[in-house]
Amino acid sequence: MSTPSLLDDALLERIRSRAADYDRDNAFFTEDLDELVAVGYLRALVPTRLGGLGLSLEQVVAEQVQLGSAAPATALAVNMHLVWTGVAKVLLDRGDDSLEFLLREAGAGEIFGFGVSEGGNDLVLFGSRTDAAPQADGGYRFTGTKIFTSLSPAWTRLGTMGLDTTSDDAPRIVYGFIDRDDPDVSWKDDWDTLGMRASQSQTTVLSGAYSRPDRIIRRLEPGPNPDPLVFAIFANFEVLLAAVYTGIGRRALELAVDAAHRRTSMKNDGRSLAQDPDIRWRIADAAIAQDGIGPQLVALARDVDEKADHGAQWFPKLVGLKIRATENARHVVDQAIRVSGGSSYFAGSELGRLYRDVLAGIFHPSDAESAHSTVANAWLGPIA
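Counting restarts for each chain: residues are numbered from 1 in the order of the written sequence. For this predicted model, a pLDDT threshold of at least 70 governs which residues receive local features, and a threshold of 80 or more governs which side-chain atom pairs are given and counted, while totals over whole chains, interfaces and linings are taken from all residues. Note that the side-chain values use all heavy atoms of the structure and ignore hydrogens as well as water.

1. With respect to the packing of aromatic side chains
No. 1: Here the aromatic set is Phe, Tyr and Trp, taking the six-membered ring for Trp, and pairing holds for ring centres within 6.5 Å; pairs whose planes are under 30 degrees apart are stacked, those over 60 apart are edge-to-face, and all others are tilted. Counted according to the given criterion, the structure contains twelve aromatic pairs.
No. 2: Summarising the aromatic geometry, the rings of Trp84 and Phe177 are spaced 4.9 Å apart at their centres and angled 65° between planes, so their arrangement reads as edge-to-face. Of the two residues, Trp84 is situated in helix α4 (residues 72-93) and Phe177 in strand β5 (residues 172-179); the sequence distance between them amounts to 93 residues.
No. 3: The interplanar angle of 35° and the centroid separation of 5.6 Å between the aromatic rings of Phe114 and Phe237 together place this pair among those described as tilted. Of the two residues, Phe114 is situated in strand β1 (residues 112-115) and Phe237 in helix α6 (residues 228-262); the sequence distance between them amounts to 123 residues. Comparing Phe114 with Phe237, the two get one shared label, buried.
No. 4: When the ring centre of Trp155 is taken as origin, the NZ or CZ atom of Arg180, which lies over that ring, is 5.1 Å away. Counting from the N terminus, the helices are DSSP H or I runs at least four residues long and the strands are E runs at least two residues long. Exposure is judged per residue with a 1.4 Å probe applied to protein chains only, and the accessible area is read against the type maximum: over 50% gives exposed, under 20% gives buried, and values in between give partly exposed. Definition used: whenever NZ (Lys) or CZ (Arg) falls within 6 Å of the ring centre and also within 35 degrees of the ring normal, the charge is taken to sit over that ring.

The structure is reproduced here in structure tokens:
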């Protein structure tokens, strides 16, 4: 018997009804977040013994598809908190309790931001432009600029990373968590983007922000690393991201179908465009694409939950899912726009907003170039 969704129809409709205003006003999704917190959404992946709902990644993926269909920017921002709770859960499921504190704090209501991305850092997890300076007490101070920090107005804990270049075993990539009230953390009110506007993924400036010793979770050699933390971040980030974009595709297909039934053609005696062979082909093409991504998403999420052994193929599978899901969503939205006609070109149109939101999929890690390199290396070996 399936678990009832946390997102009932009434809640989803309220969230959908606010999305256009958030987008128009370039405003944070405060009311959405309040309602999601109230139903325990941010505690979904936290074990029940730590104050959470104890859901699996597969179950949360299904929820994120629904949320992404209602309000993509809300879903994308919430994703960043869910990624960290998912990372902690993956580690705990595999016997590593180094992030149990995160699950406990999330269960108590803390909200986690994902402060990893940096301008010009195409190494992503394998390098950093942020300085991580070791302190005498075993903590670290982070100095650098993080971009695309979703949930900027709301996070209370920030997971971040930087490069330690001074310790005896340097260089080391250092992962730690800092508190929002740290005086050496600031934000730039610079999120004025084409799409995903409600996420308010502002630039975060770390000016010696402090992570105390019990919040330093890893010190890893730069470059590809077999540490379970790296796998856990990749797995949760890519799978949950794919869920949001799959939700966008789902909604775009629904809107295309509605438009085909609503619009009529003078060339065909006033019959609806649902009777037009060309329009029918476009909707069928979108539906075939949309149907193909769902089973892949569910299967890979389940494999993470069940600790499947994909060995060296794990990373190709994860980046491949991200690329397919985001590109698939762009294709479905594009077909929906073509079916719906000129009305979708207006800024207030829901399809017009989805068209802008779905474009963000290009920029999330792993990008197309990195993903293809990962897959090529898995099948052909590295370039000599």
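From this point on, the discussion continues.
2. Quick notes on the packing of helix α8 (residues 314-340) against helix α10 (residues 368-380)
No. 1: In this analysis, axes come from line fits to C-alpha atoms, helices being fitted only over the stretch in contact, and the angle between any two N-to-C directions falls in the range 0 to 180 degrees. At a minimum axis separation of 9 Å, α8 and α10 run at an interaxial angle of 145°. α8 and α10 meet at a crossing whose hand is left-handed. Here Phe315, Pro316, Val319 and Ile323 of α8 come into contact with α10, specifically with Ala368, Ala371, Thr374, Val375 and Ala378.
No. 2: Per-class residue counts for the contact of α8 with α10 are eight nonpolar, one polar and no charged. Less than a right angle of anticlockwise turn of the near helix away from the far helix marks a crossing as left-handed, whereas a clockwise turn marks it as right-handed. Whether two residues are in contact is decided by their heavy atoms, any of which lying within 4.5 Å being enough. Each residue receives one of three labels: charged for Asp, Glu, Lys and Arg, nonpolar for Ala, Val, Leu, Ile, Met, Phe, Trp, Tyr, Cys and Pro, and polar for the others, Gly being one of them.

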